[in-house]
Amino acid sequence: MKKNRPIITVTFLLLAVTMFPKTTITMEKDGGVYKVPCVVNGLRMKFIFDTGAANVCISESMATYMLENDYLDKSDILGTGQSSVADGRIVDHVKIRLSTLEIGGLKLNNVEAVVIEGQTSPLLLGQSAISKMGKVSINGNQLIIEEAGGDCSQADIDTWDKLANDYYEKDIYDKAALYFQKIYDCDRLSDYGQFLLGLCYQLLDNERQALSIFEVLQQKVSNHTAKLSIDSQIELYANMAICYKVIGNINASTNYNLIALSNLNDSEWQLAADLCCSIAMNYFVQKNYKEADNYALVGIEYILRNKYPSIYKEWERKRFKDLSSVLSKYRWGKEEVLGNLIFIICDDYYNTYGEPHCQMLRIAAEMGFETAQESIRIFRGAGICSY
């Protein structure tokens, strides 16, 4: 499936106002400073609590470790800039986004941080996180957060909701995600709004952040507590499949594609063919050529039965055998998905028998599938597939 956003104008339904409890966190005194235990993107760390620091700051060595061990993604690197440090010097920094920062059970999303050059820079919990926590006070070594969640007034929610809608409709996904996230952090974003927040991250090529949103929503769907239409649930599963494939979890990608496919009705044959194509490609990557062939044929069947019924009936009369001879009787125009499905069968054939299926390759090439066209050129150059 392609990363297409729904073509729809949405007014987001906000959840009821949530009252946040008081949270108390015990800090660790270390010399003249207090350190707060935190979990950043799943990694346990200790930050110096510093209300005078504008940003969350981490050292260059820690950032390198996080990037090398998948606690940070390259898409989380936002740019460069300069910071003023305690001794008055101006130093270069790299601005990054921390997907999640947990403090004493409070979970902050999309926290901006800076990476200060130098291996020994301290870890500072600054205002880019503190301002999201709410009203904060200190009593000895106790950090007290009286209104976790920050400023979530109805006026702010209404403003962010309008901005999120406007930016989303203009395809400005980074800005849309920013304002969806603000509402999400206040626990006031509808389920469909959460789906679109995840979709924004996906369209920004931040699949891990998208999955962090999608997975929470998918759990609600499983528990039958999500307020999502069946169409939106199918889109959720299909987009989760795409995200998992991008990050290399092929099994999860296939599973969510299969769930999406099982929820489709007969009229949604185009999406069904797309899903079959994705499933077949996943099996091909895993060298499971039999299953790849099976789902490629199912996808072809969806397309022929609904778009080319006369060709489908001819294939049916042949008991769904000899597909190449049936398809070769017709002149084909642009058919990207069908061509892709046929090419998967060609690839499976080549990997199974060690030789190309020239007739099927020619059909896929005729349908405009570029990889098939290139394969035909290569084989012809080698004196194979000459017709």
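That block above? That's the structure.
Attention in this report is confined to the structure presented alongside it. Here the structure is a predicted model, which means the values were calculated and not measured.

The next point concerns the overall build of the chain. A tally of helices and strands in the chain yields 15 helices and eleven strands. Across the chain, every contact between residues at least 6 apart in sequence was considered, and the portion connecting residues at least 24 apart equals 58%.

With respect to the secondary-structure elements, Asn109 resides in strand β8 (residues 106-116). Distance from Asn109 to Leu98, taken between C-alpha atoms, is 7.3 Å for residues eleven residues apart in sequence. Sequence-distant contacts of Asn109, defined by excluding residues within four places in its chain, comprise Leu98, Ser99, Thr100, Lys132, Gln181, Tyr184 and Asp185.

Further remarks concern the pattern of salt bridges. For the structure on display, the rule yields eleven salt bridges. The salt bridge partner of Lys162 is Asp166, with a shortest N-O separation of 2.9 Å. With Lys162 and Asp166 both in helix α3 (residues 154-169), this residue pair falls four residues apart, about one helical turn. With a shortest N-O distance of 2.6 Å, Lys329 and Glu314 are connected by a salt bridge.

Let us look at the nonpolar core. A general tendency of soluble globular proteins is for nonpolar side chains to be buried together. The biggest cluster of nonpolar side chains holds 85 residues, and the ones touching the most others in it are Phe180, Ile300, Leu304 and Ile342. With ten residues, the single largest contributor to this core is helix α9 (residues 269-285). Ranked by size, the runner-up nonpolar core spans 30 residues in total, among them Ile25, Ile58, Ile130 and Ile145.

Scoring rules and cut-offs
- Residues numbered from 1 in each chain as written.
- Predicted model: local features only at pLDDT ≥ 70, side-chain atom pairs only at ≥ 80, totals over all residues.
- Heavy atoms only, no water.
- Helix = DSSP H or I, 4+ residues; strand = E, 2+ residues; numbered from the N terminus.
- Contact = heavy atoms within 4.5 Å.
- Salt bridge = Lys/Arg side-chain N within 4 Å of Asp/Glu carboxyl O.
- Core = buried A, V, L, I, M, F, W, Y, C linked by side-chain atoms within 4.5 Å.
- Buried < 20%, exposed > 50% of the residue type's maximum accessible area, 1.4 Å probe, protein only.

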